[in-house]
2 protein chains.
Amino acid sequence: MSRTIERKDDRRSRRSRKMLADAFVELVGERGLDGFSITDLTELANVNRGTFYGHFSSKEDLLEYCESEFLNGISELEERIAQVPVTELGTEETDSFVHSVFVEIFTFVEEHEALLTALLGPKGDISFEHRIIDTVCTTLIDKILNEQYRVNRTPLVDYYVGYYSSAILGVVLMWLNNESRETPEEMATILVGIASLSLGDPIVL
Amino acid sequence: MSRTIERKDDRRSRRSRKMLADAFVELVGERGLDGFSITDLTELANVNRGTFYGHFSSKEDLLEYCESEFLNGISELEERIAQVPVTELGTEETDSFVHSVFVEIFTFVEEHEALLTALLGPKGDISFEHRIIDTVCTTLIDKILNEQYRVNRTPLVDYYVGYYSSAILGVVLMWLNNESRETPEEMATILVGIASLSLGDPIVL
DNA sequence: GTAACTGTTCAACAAAGTGTTGGTTAACAC
DNA sequence: GTGTTAACCAACACTTTGTTGAACAGTTAC
């Protein structure tokens, strides 16, 4: 059943939870979300199957646990993003600030590479992608958007926010799935370049 | 096992396949990809469980079948998209042409609403999203992009294409998940408006 | 140190789903 | 109308699931 599990706080408990979460990310990355059984998971984690049920009610519960852990870590990033002076973009000064924020974002993503490639990979969890988009959208709306748009919400404004959130996440995902990987600095430069264009502009560095 | 199934072409066969595909879309939409068993599926489809295995080797095989059916239908759209004069965007004439192509895209999406909301919804198939992005990217690269970028591929060009593909698909998904739904015409107007902006430009209709 | 907790382990269980089979019935194509 | 073939049905061994109770062992508090 999907009852809520109270997470124990004992060195043994933390150890078991970590073993399970690590094995989970590994298996999702290799076989996808429903490409393995709980039995497979506990064997890889070197944890008794009964122990799994002591911590999590189901695979979905463990998934939720992993995703929440990640999303909680985003809040620091959000504060930095909130400082971007969107209305004054285009000057050399603001662009270099945006660049530094993008570097932070890509660095953060790189640090969570295993989890992200697994959960956002070809057999990952589509709702995790939605949650990330929602988080980014909310951040953009609450912290960056001009007062006038925030108060006077129209479909256009919402789609505008969704448009850029999806675009940026899309680039991040392309980057993650690319084995010959650019550095966070290179990606920030690329992204600043692309975002300053509008559709149809010539592509130049 | 995942051996290939030769699809029979008999009135009875086509009927069974359709019943199974329809029930599949319905169940994926309601409970997500692994929220139901094959037994559930065949009961809803009013088809014997053995019949399922006569047509499909697994749930994933049926999923692949549904996705392919949809992706094959995109080719007409691709030809229209290929006619967009990207290098000359910005004029009133070209913008109205782009508008009409967007209307076609949103209309096409609306016609496949059930399948798309199910497979791209919160418990859908993330790899389907990737396949659509890939298809759109390939179309953009092969047909729209200037000769100079097509030949002289750089990471920037690839990310550029991915950026816009993700952005547009993101807007389409927002639209699908929005119950108070704009018309395809309204969406085309919105999208043309957004795409002509660059990040930081004031939002105006 | 030692005693009281409490998480882990192990074996066992019924229940459900899976993938396959062989025999029967009925719809289809020609 | 007749041969073909898909759908149906019951049964099968097998795997996974979620739960249980008792024994064991790491942790915490005194």
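Computed from a prediction, not measured in an experiment: that's the story for all the values here.

Draft legend 1. Here's a closer look at the environment of Gly-50 of chain B. Along the polypeptide, Gly-50 of chain B turns up in helix α3 (residues 49–55). A C-alpha to C-alpha distance of 16 Å links Gly-50 of chain B and Lys-18 of chain B, two positions 32 residues apart in sequence.

Draft legend 2. Quick look at the relation of the copies chain A and chain B. Its rotation angle being 180°, the transformation that places chain A on chain B also includes 0.0 Å of axial translation and leaves an RMSD of 0.0 Å. Between the two chains, the operation in question is that of a two-fold axis. When you check the interface residues of chain A against chain B, 100% turn up at the interface there too, and the contact is symmetric in its surfaces.

Draft legend 3. Layout of the protein's contact with DNA strand D. Among the 19 residues in the neighbourhood of DNA strand D, the closest are listed as Arg-49 and Tyr-53 of chain A together with Ser-16, Asn-48 and Thr-51 of chain B. In DNA strand D, atoms within 4 Å of the protein come 67% from sugar and phosphate. Here Arg-12 of chain A contributes a side-chain N or O atom positioned 3.2 Å from a base nitrogen of DNA strand D. Residue classes in the surface near DNA strand D are distributed as four nonpolar, eight polar and seven charged.

Draft legend 4. Local environment of helix α1 (residues 11–31) of chain B. Residue and element names in this part refer to chain B. Given a rise of 1.5 Å per residue, 21 residues ought to cover 30 Å, and the 30 Å separating the end C-alpha atoms of α1 matches this to within 8%. Within the sequence span of α1, burial applies to Ser-13, Ser-16, Arg-17, Leu-20, Ala-21, Ala-23, Phe-24, Val-25, Leu-27 and Val-28. Residues of α1 that are buried in the fold lie against α2 (38–45), α3, α4 (59–72) and α7 (113–120). The N-capping residue of α1, defined by a side-chain oxygen 2.9 Å from the backbone nitrogen of Arg-12, is Asp-10. Within two residues after α1, Gly-32 carries a phi angle of roughly 85°, on the positive side.

Draft legend 5. The arrangement of the packing of helix α10 (residues 155–176) of chain A against helix α10 (residues 155–176) of chain B in detail. Interhelical geometry of α10 of chain A versus α10 of chain B gives an angle of 135° and a closest axis separation of 7 Å. The pairing of α10 of chain A with α10 of chain B is recorded here as oblique in orientation. The interaxial crossing formed by α10 of chain A with α10 of chain B has right-handed handedness. Contact residues: α10 of chain A offers Asp-158, Tyr-159, Gly-162, Tyr-163, Tyr-164, Ser-166, Ala-167, Gly-170, Val-171, Met-174 and Trp-175 of chain A, while α10 of chain B offers Asp-158, Tyr-159, Gly-162, Tyr-163, Tyr-164, Ser-166, Ala-167, Gly-170, Val-171, Met-174 and Trp-175 of chain B. The residue inventory of the contact of α10 of chain A with α10 of chain B, partitioned by class, reads 14 nonpolar, six polar and two charged.

Parameters and conventions
- Residues numbered from 1 in each chain as written.
- Chains lettered and ligands numbered in written order.
- Predicted model: local features only at pLDDT ≥ 70, side-chain atom pairs only at ≥ 80, totals over all residues.
- Heavy atoms only, no water.
- Helix = DSSP H or I, 4+ residues; strand = E, 2+ residues; numbered from the N terminus.
- Least-squares fit on C-alpha atoms with pLDDT ≥ 70 in both.
- Contact = heavy atoms within 4.5 Å.
- Near = heavy atom within 4 Å.
- Polar contact = N/O pair within 3.5 Å; in protein donor to acceptor, adjacent residues only side chain to side chain.
- Nonpolar A, V, L, I, M, F, W, Y, C, P; charged D, E, K, R; others polar.
- Expected span 1.5 Å × (residues − 1).
- Buried < 20%, exposed > 50% of the residue type's maximum accessible area, 1.4 Å probe, protein only.
- Axes fitted to C-alpha atoms, helices over the stretch in contact; angles between N-to-C directions.
- Parallel < 35°, antiparallel > 145°, perpendicular 65-115°, else oblique.
- Left-handed = near helix turned anticlockwise from the far one by under 90°.

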